[in-house]
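The lines below spell out each chain.
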Amino acid sequence: MDLIIFMILVGVGFATGTIIERKHFQSIRLRERRHLNLVTTSTKITDPEKNISDAILVSGSVVVSVDYFKRVLAALINITGGRVAPYETLLDRGRREAILRMKESAHAWGAHSIVNMRVQTSTIGNQNGKNSLGMVEVIAYGTAVK
Amino acid sequence: MIITNIDSVPGKTITEHFGLVSGNTIRAKHIGRDIMAGFKNIFGGELKGYTELLEESRQEALSRMIAQAQSVGANAVINVRFSTSAIAQGAAELYAYGTAVKVS
Amino acid sequence: MKNTIKEVDESVNLPKVSLLGQFFTLMIGLLVVIGAVYFALGWAVNVVVDHLSHETYAKLQQRVSQHEFLPVAKKMQQLQDLLDELVALSPNPDLKLKFRVLCEPQFNAVALPDGSVVFFEKLLRSIHSENELAMVMGHEIGHYISRDHMKVMGRGILLVLFSMLFQMEDVDWVGPSTSMYHAKYSQHQETLADEMGANLVHKKYGHISGIESFFRTMETIDMDEHGHKHPGKFVSWFSTHPHPQDRWKHLKQQWKKTEGEGKETFLDLSEIDLLCPPKASSQAH
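Scoring rules and cut-offs
Residues numbered from 1 in each chain as written. Chains lettered and ligands numbered in written order. Predicted model: local features only at pLDDT ≥ 70, side-chain atom pairs only at ≥ 80, totals over all residues. Core = buried A, V, L, I, M, F, W, Y, C linked by C-beta atoms within 7 Å. Buried ≥ 20, exposed ≤ 12 C-beta atoms within 10 Å, placed from the backbone. Helix = DSSP H or I, 4+ residues; strand = E, 2+ residues; numbered from the N terminus. Contact = placed C-beta atoms within 7 Å. Nonpolar A, V, L, I, M, F, W, Y, C, P; charged D, E, K, R; others polar. Pairing = 2+ DSSP bridges. Expected span 1.5 Å × (residues − 1). Axes fitted to C-alpha atoms, helices over the stretch in contact; angles between N-to-C directions. pLDDT = per-residue confidence, 0-100.

Peer 1: Can you walk me through the nonpolar core in this structure?
Peer 2: Grouped burial of nonpolar side chains is what soluble globular proteins tend to show. If you look at the biggest cluster of nonpolar residues, it comprises 55 residues, and the most contacted ones within it are Val84 and Tyr87 of chain A together with Val21, Met65, Val77 and Ala96 of chain B. Where this core is concerned, the elements lending two or more residues are helix 2 (68-80), helix 3 (85-109), strand 4 (113-124) and strand 5 (135-145) of chain A together with strand 2 (14-28), helix 2 (48-72), strand 3 (76-88) and strand 4 (91-103) of chain B. The element that contributes the greatest number of residues to this core is helix 3 of chain A, accounting for nine residues. Excluding its chain neighbours within four sequence positions, the residues that come into contact with Val21 of chain B are Met65, Gln68, Ala69, Val77, Tyr97, Gly98 and Ala100 of chain B together with Val8 of chain C.

So this is what it looks like as C-alpha cells:
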C-alpha cells in the first residue's frame, strides 16, 4: 500500500514537475531577453559615458522547491555520491528568477544599469536531518542607477 | 581566462563589459564518506572527504562560469564571488558569479 | 569601455543527463544491492547457526523457549508419546519436543522455536494411519535437528533490522516470532526434513509404504485449495514445499533397496473431537 502511494507520488511529481519546470524556463528566457538591455554587473564600476542622477537598492527574491520525483532521485544520488543533477535545474531556475525580479523592479524604477549585484542562497524549512525538503530561497540585490 | 575578485584586472584596462556570468554545481559524497564524516565529528579535525568535495565543486562551478564567459567572448571575469549552501544533507551547492569583461 | 549586451549560454548550468534514466538505474541498483546484502546475511546466518556448538545452541534455544509461541495450542498425550518415541530414534535423542494441536481449519504443521510441534486440526483429521503421522512428525523433527527454525528466526531478525535501517514505518515488530507460524524453509531444507521423516518411519516400522497416502492427501488438498474456495491461504505452505508427488518419488527412490511392503498401523484419533469440537471447525469453514 505504501509502495503504491510512493509510486503515485513519484509519477505525479515527475509529470507536474517537468511541466512546471518547462513553463518556468520558457518564461525566464522570454523575460531575460526583454531585460537584456539593463546592464547588470557584479563590479562597482558604472558606465562613465552615462550621467548618473540617482541610485537605489533593488532586490528580488524567490522561494522554489523540487517535486517529489527529484527529491527521491536526490536521496538516491546522496547514497552513491556525485553530481546532484536534479537540484541543479532548481537552483538555476531560482537564481535567474530572483535576478529577473530584481531587474524588473529596477526597470520599473527607470534604471539603466545595476551595479555591485550580489546573490545569496539559503535553505529554508526543516533543515536538520532526513526531512530536508529541498526548499531554496534565493535573493539577488544590487544598486540600480539612472 | 583571468579571474579576479576585485573591480579590475591590475595592469590591464577593461575595454568591454558583457554583464553577469555564473556557474553552479551540486555534489554529494557517497554514503561511506558521510558515515566516516559522522565518526570524525566525534574526534574533531579536518573532514578530508568534505574538503575534497567542496574543492571539486568549487572548481566545477568556476569552470562552468568560465564556459559562460567564453560563450559571450570575454577573456576575463572580474569581481568573482562564491556562495555555498547546503541544499540537502550531505550535498553541497557551490555558486560562482562575476562580471565577464574583455581586457587588453 | 563599452557595454556589449549578449545572451549567455544557459546550457552550461543545466544537467545534460536524463533524470528518469538516472532514477531507474539508481533504483534498480539500490534494490540489487539490498537484495544481495540480505541474501549474503541470510547465508551467513545459516552458516553461523550450523556451526554453533551444542552448548551454545542449547543456551540459545533455552532463551528462545522461554517464550510460548502458540499458547492456544492444546496438548494431546497420546500423540506426545509417539513424538517422544520418534525423537528417541532420531540422531538427537536428547531433544525435548512438545506435541500441540491447534484448532484451525488449515492443512499445516509447524515446528516452533520453543520446542513445540504444532499440528493444525485439518491436517490431523486427514491422517489415515500412525505411519503418516509419524512421517509428518519426523519431518518436523528433521527441521529441528538441522536447526531450520533458528535460521528462519535469524532471517526474521535481519529483516526487522533492515527495516529499521531504512526507517520503514509499517514494520511488523512481532515479525520474527510470529512469522514462525508461516515459516518458509527452502526446498532443500524441506527435502532434508522429508528424508529424516522417512528415516524415522523406517526405523520404527521397518518400511515406509504407509506414508504414500499422505502425499496423495496433500496433493488433493492442494488441488482443492487452488480450484475452490480459499486460494491463497495455503499457497505459502505449498509454494515452499516441492510438489507432493515429487517428494514421494524422491523418498521412494531412496528407499528402493530396503523397501519392504508392510501394514499400516491403525491410529485412533477420536480424541481430536474433544480438543476441537466439530462445531467450532465447521463455523470456521
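Here the narrative resumes.
Peer 1: Help me out: how do you make sense of the interface of chain B and chain C in this one?
Peer 2: Many descriptions give the size of an interface as the accessible area lost when the pieces come together. Across the boundary between the two partners, chain B contributes 15 residues, which contact 10 residues of chain C. Elements represented by at least two residues in the side of chain B that touches chain C include exactly strand 2 and helix 2 of chain B. Sorting elements by how many residues they give to the side of chain B that touches chain C places strand 2 of chain B first, with 10 residues. For the side of chain B that touches chain C, the residue count by class is five nonpolar, eight polar and two charged. As defined by bridge partners, strand 2 of chain B adjoins strand 1 (residues 2-3) of chain C across two bridges and the pair is classed as parallel. Residue pairing across strands places His17 of chain B opposite Asn3 of chain C, the latter belonging to strand 1 of chain C.

Peer 1: In this structure, what is going on with helix 1 (residues 19-51) of chain C? I would like to understand it.
Peer 2: Within an α-helix, residues lying three or four positions from one another point in the same direction, as the helix has 3.6 residues per turn. Between the first and last C-alpha of helix 1 of chain C there are 47 Å, a value that for 33 residues agrees with the 48 Å anticipated at 1.5 Å per step. With respect to burial, helix 1 of chain C is a largely exposed element, only zero of its 33 residues being buried.

Peer 1: Teacher, can you tell me more about the sheet that holds strand 4 (residues 109-111) of chain C here?
Peer 2: Two modes of strand pairing occur in sheets, parallel and antiparallel, and in both the strands are linked by backbone hydrogen bonds. All names here are of chain C. An order of 2-3-5-4 is seen for the four strands of this open sheet, with the pairing classed as mixed. In the strand order of this sheet, the two ends are held by strand 2 (74-75) and strand 4, each with one partner. Relative to strand 3 (residues 98-102), strand 2 runs antiparallel, the two being bridged by two bridges. Following the sheet pairing, Lys75 is matched in strand 3 by Arg100. Each of strand 2, strand 3 and strand 5 (116-120) is contacted by helix 3 (residues 77-89), which is oriented at about 135 degrees to strand 3, the strand it contacts most. Helix 5 (residues 130-145) rests against strand 4 and strand 5 of the sheet, and its axis sits at about 30 degrees to strand 4.

Peer 1: I'm lost on the confidence of the model for chain C in this one. Help?
Peer 2: Residue and element names in this part refer to chain C. Per-residue confidence for chain C gives a mean pLDDT of 71; residues scoring 70 or more make up 69%. Mean pLDDT across the elements of chain C bottoms out in helix 7 (residues 175-178) (45) and peaks in helix 1 (84). With pLDDT under 50 throughout, residues 169-182 is counted as low confidence; its partners more than four residues away or in other chains account for 22 contacts. Across the interface, the model reports ipTM at 0.77; the global pTM reads 0.66.

Peer 1: When you look at the sheet that holds strand 2 (residues 55-65) of chain A in this model, what are you seeing that I'm missing?
Peer 2: All names here are of chain A. Strand order in the open sheet formed by four strands is 1-4-5-2, and the pairing between neighbours is mixed. Each end of this open sheet is capped by a strand with a single partner; those strands are strand 1 (39-40) and strand 2. Looking at chain direction, strand 2 and strand 5 are connected through 11 bridges and run antiparallel. Bridged to Val58 within strand 5 is Gly142. Its contacts with the sheet place helix 3 against strand 1, strand 2, strand 4 and strand 5, and it is angled at close to 150 degrees to strand 2.

Peer 1: Is there a simple way to explain unusual backbone geometry in this structure?
Peer 2: Notably, Asn116 of chain A is not glycine yet its phi reads approximately 50 degrees, a positive angle. Relative to the helices and strands, Asn116 of chain A resides in strand 4. Owing to 17 C-beta atoms within 10 Å, Asn116 of chain A belongs among the partly exposed residues under this scheme. For Asn79 of chain B, which is not glycine, the phi dihedral falls at a positive 55 degrees. On the secondary structure map, Asn79 of chain B appears in strand 3.

Peer 1: So what exactly am I meant to see when it comes to the pairing of strand 4 of chain B here?
Peer 2: Residues in a regular strand point their side chains to alternate faces of the sheet. All names here are of chain B. Within strand 4, 12 of the 13 residues are buried, leaving the element largely enclosed by the surrounding structure. The pairing of strand 2 with strand 4 spans 13 bridges and is antiparallel. In the strand pairing of strand 4, Val21 is matched with Gly98. Judged from the 10 bridges that link them, strand 3 and strand 4 form a sheet pairing that is antiparallel. Residue pairing for strand 4: Arg81 is matched across the bridge by Tyr97. Taking the residues that link successive antiparallel strands as the turn, the strand 3-strand 4 hairpin has two residues, and the phi of Gly90 there is positive, at about 80 degrees.

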